[in-house]
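# A structural walkthrough
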Amino acid sequence: MITYDDFMAVQEIIAESEAYKEALRRHGIEDTDKVAGTPLTVGYFDGEDGLEQESRLLKVVSYLDVGDGNYWAHPIENLVAVVDLENNNILKIEDESVVPMPMTPRSMREALSRHG
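Here's a quick rundown of the structure.

Quick notes on the rules
- Residues numbered from 1 in each chain as written.
- Predicted model: local features only at pLDDT ≥ 70, side-chain atom pairs only at ≥ 80, totals over all residues.
- Heavy atoms only, no water.
- Helix = DSSP H or I, 4+ residues; strand = E, 2+ residues; numbered from the N terminus.
- Buried < 20%, exposed > 50% of the residue type's maximum accessible area, 1.4 Å probe, protein only.
- Areas by Shrake-Rupley, 256 points an atom, 1.4 Å probe, with all protein chains shown as cover.
- Contact = heavy atoms within 4.5 Å.
- Pairing = 2+ DSSP bridges.
- Axes fitted to C-alpha atoms, helices over the stretch in contact; angles between N-to-C directions.

## Notes on the overall build of the protein
Across its full length, the protein holds 3 helices and 4 strands. For the protein, the sequential pattern of α-helices and β-strands runs α-α-β-β-β-β-α. Counting all 116 residues of the protein, 34% fall into the buried class. For the protein, the computed accessible surface area is about 7,300 Å², with 49% contributed by carbon and sulfur atoms.

Right, dumping it as structure tokens:
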């Protein structure tokens, strides 16, 4: 289970990580205050991924807040941080090819009205 405190801890950890800031710069993002990290539970693959099942780990995908109130519409593709909540740090960053982010402001209300 991911708690509110986990959400807040993850946001602080990615905001303070120089390695994550560098990865964000590769994706064209300079202002880390506009990045919203979303923690997800980590799957385990019999150690093939190098992660220990006993650790409190979360995978974090991020989105860019462009001021439209709908950061979900602006995913930072191919960038995932594996965060260790016990040690309050990033274990690894999965940073693949840069995919252009959709930057057109799109409110949640607008998105819902098109699909509702």
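## With respect to the side chain of threonine 32
Position of threonine 32 among the secondary structure elements: in the loop between helix H2 (18–26) and strand S1 (35–41). When neighbours within four sequence positions are excluded, threonine 32 is seen to be in contact with Ala15, Lys21 and Leu24.

## Section: the sheet that holds strand S4 (residues 89–95)
Read from one edge to the other, the open sheet built from 4 strands follows the order S1-S2-S3-S4, with strand pairing classed as antiparallel. The open sheet is flanked by S1 and S4, the only strands paired with a single partner. In this sheet, neighbouring strand axes are inclined to one another by 30° on average, regardless of whether the strands run parallel or antiparallel. Relative to S4, strand S3 (residues 75–84) runs antiparallel, the two sharing 6 bridges. Across the sheet, alanine 81 pairs through a bridge with isoleucine 93, a residue of S4. Sheet contacts for helix H1 (residues 4–16): S1, strand S2 (57–64), S3 and S4; angle to S1, the most-contacted strand, approximately 125°. H2 rests against S1, S2, S3 and S4 of the sheet, and its axis sits at about 20° to S4.

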